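# Fold and contact review
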Amino acid sequence: MTEYIRYEYDVTASLNLAAGEQVRWLPRQRASDLLVPGSDFWVFDESEVVFNHFDGVGDWVCEDRRDDVAIARLCAGAFETVWERAIPHHDYQPTVRKSPHTR
């Protein structure tokens, strides 16, 4: 878990959940057999998708808007599959693992 993701996890209850948002976490080992877009995305009005692109250290680079119902449906379906498999925040306990290169 990166330092930033750990920060997101730590503030989720006091910020996101307190505001009424539902948050779930999907460990990578539970996602191996899922086909999902390679970028973070938002679906609007079941017809437009905005993909967010980040660099290797997690900084936002740009967005890519697609006004395409077929792409919006694919992304919405992928999200639903991930959401069903993901673990609600209050049930999720992140694991901290050392890198295989760390001694």
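In this text, all values refer to a predicted model and were calculated from it rather than measured experimentally.

So, on to the side chain of N52. Examined against the element boundaries, N52 turns out to sit in strand β3 (residues 48–54). In this structure N52 touches S39, D40, W42, W60, C62 and E63, once residues within four positions along its chain are discounted.

This part is about the environment of V49. In this fold, V49 is placed in strand β3. Here the alpha-carbon distance between V49 and R28, two residues 21 residues apart in the chain, equals 23 Å.

With that settled, the discussion passes to a nonpolar patch on the surface. On the surface, M1, Y4, I5, Y7 and L15 cluster together to form a nonpolar patch covering roughly 520 Å² of accessible area. By secondary structure assignment, the location of I5 is in helix α1 (residues 3–17). Residue I5 is classed as partly exposed on the basis of its relative accessible area of 30%.

Moving on: helix α2 (residues 69–85). If you check α2, its first and last C-alpha atoms are 25 Å apart, about what 17 residues at 1.5 Å a residue would give, namely 24 Å. Residues of α2 that are buried: A72, C75 and A78. Down the axis of α2, the smallest arc covering the buried residues is 130 degrees, so these residues share one side. Among the exposed residues of α2, those oriented more than 90 degrees off its buried face are R73, L74 and E84. In this structure, the buried residues of α2 make contact with β2 (40–44) and β3. The N-cap residue of α2 is D68: its side-chain oxygen and the backbone nitrogen of A70 are 2.9 Å apart.

Cut-offs used in this document
- Residues numbered from 1 in each chain as written.
- Predicted model: local features only at pLDDT ≥ 70, side-chain atom pairs only at ≥ 80, totals over all residues.
- Heavy atoms only, no water.
- Helix = DSSP H or I, 4+ residues; strand = E, 2+ residues; numbered from the N terminus.
- Contact = heavy atoms within 4.5 Å.
- Patch = residues over 30% accessible without salt bridge, like charges linked within 9 Å, V, L, I, M, F, W, Y side chains within 5 Å.
- Areas by Shrake-Rupley, 256 points an atom, 1.4 Å probe, with all protein chains shown as cover.
- Salt bridge = Lys/Arg side-chain N within 4 Å of Asp/Glu carboxyl O.
- Buried < 20%, exposed > 50% of the residue type's maximum accessible area, 1.4 Å probe, protein only.
- Expected span 1.5 Å × (residues − 1).
- Arc of directions from axis to C-beta.
- Polar contact = N/O pair within 3.5 Å; in protein donor to acceptor, adjacent residues only side chain to side chain.

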